[in-house]
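Examining the three-dimensional arrangement
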Amino acid sequence: MIRRINHIAIVVPDVEEALSFYQDSLGLELSHVEPNEEQGVIVAFLPAGKSEVELVEPVESDTGVARFLSKRGPGLHHICFEVDDIQTTLDRLAARGVELINREPIIGTGGKKAAFIHPHSTHGVLIELYEVTPEEPARRRERVLKWRRRLSTQRRVAIAGVRAFLRALRQSRAETVATPRKP
Ligand code: CO
């Protein structure tokens, strides 16, 4: 059973710039920003009711998201539906001949399960399925708190400091890249 739209992911070349529309003009609230090292992206989370808009900026050039951005430009990347039982959902879709990118769910940190359905089968939109584990809400709160703390120590202001934080993050990345490696 589909519970709700968990999030809508929009890929952008610059999260800070995108916030000037999604936060300032549209009026969504920014809950937090965090880098996802695994996927080589920075993600900004903007709740909209029971769902979220996630702005995704690739910071590594050899990732799927970066390739998507350079090929198609900024825009909708995927829609994520939260389901009760992801394995049952995948089995049912497979039985109907739906093209799945992940036939088995990917187990993420904290045991969360996710899988993608190929746009070939969905009329052009990448769809993510997501099964939330019981620990997920608590883990998420913890992560937000951790990031707020980190933001506030770095910039003294939690949300207001996000932009400066992002700039600092990019700056430090640029310096890391620029530092010549020892032979
Ligand atoms: Co997603």
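As the structure is a computational prediction, the values presented were derived from the model and not from experiment.

Re the coordination of the cobalt ion
Protein coordination at the cobalt ion: the donors are H7 (NE2), H78 (NE2) and E128 (OE), at 2.0 to 2.1 Å from the metal. One chain supplies every donor for the cobalt ion, spaced along it as H-x70-H-x49-E. Note that H7 is positioned in strand 1 (residues 2–11) and E128 in strand 8 (residues 127–131), a separation of 121 residues in sequence. The buried category is assigned to H7, whose relative accessible area is 7%.

Description of the environment of L100
In this fold, L100 is placed in the loop between helix 3 (86–95) and strand 6 (106–107). Residues L100 and S121, 21 residues apart in the sequence, show an inter-C-alpha distance of 8.3 Å. Setting aside anything within four residues of it in sequence, one finds L100 in contact with L90, L93, A94, F116, I117 and H118.

Section: the side chain of E82
Tracing the backbone through its elements, the reader meets E82 in strand 5 (residues 75–83). A relative accessible area of 6% places E82 in the buried class. Engagement of the side chain of E82 in a polar contact is seen with the side chain of N6, the distance being 2.8 Å.

Digging into helix 3
Burial in helix 3 covers these residues: I86, T89, L90 and L93. Buried residues of helix 3, viewed axially, fall in a sector of 100°; they line one side. Structurally, helix 3 contributes buried residues whose contacts are with strand 5, strand 7 (113–117) and strand 8. Here helix 3 starts with a cap whose side-chain oxygen sits 3.2 Å from the backbone nitrogen of Q87, and that cap is D85. The first or second residue beyond helix 3 is G97, which carries a positive phi of 80°.

So, the sheet that holds strand 2 (residues 32–36)
Where strands meet in a sheet, backbone hydrogen bonds hold them as pairs that are either parallel or antiparallel. In spatial order, the strands read 2-3-4-1-5-8-7-6; together these eight strands make up an open sheet with mixed pairing. Either end of the sheet is taken by a strand with one partner, and the two such strands are strand 2 and strand 6. By the bridge criterion, five bridges tie strand 2 to strand 3 (residues 41–48) in an arrangement that is antiparallel. Bridge pairing in strand 3 links E34 to V43. Strand contacts of helix 1 (residues 15–25): strand 1, strand 3 and strand 4 (51–58), with the helix running at about 10° to strand 3, the strand carrying the most contacts. Along the sheet, helix 3 contacts strand 5, strand 7 and strand 8; its crossing angle with strand 8, the most-contacted strand, is approximately 145°.

Definitions and limits used
Residues numbered from 1 in each chain as written. Predicted model: local features only at pLDDT ≥ 70, side-chain atom pairs only at ≥ 80, totals over all residues. Heavy atoms only, no water. Donors = N, O, S within 2.8 Å, 3.2 Å for Na, K, Ca; no water. Helix = DSSP H or I, 4+ residues; strand = E, 2+ residues; numbered from the N terminus. Buried < 20%, exposed > 50% of the residue type's maximum accessible area, 1.4 Å probe, protein only. Contact = heavy atoms within 4.5 Å. Polar contact = N/O pair within 3.5 Å; in protein donor to acceptor, adjacent residues only side chain to side chain. Arc of directions from axis to C-beta. Pairing = 2+ DSSP bridges. Axes fitted to C-alpha atoms, helices over the stretch in contact; angles between N-to-C directions.

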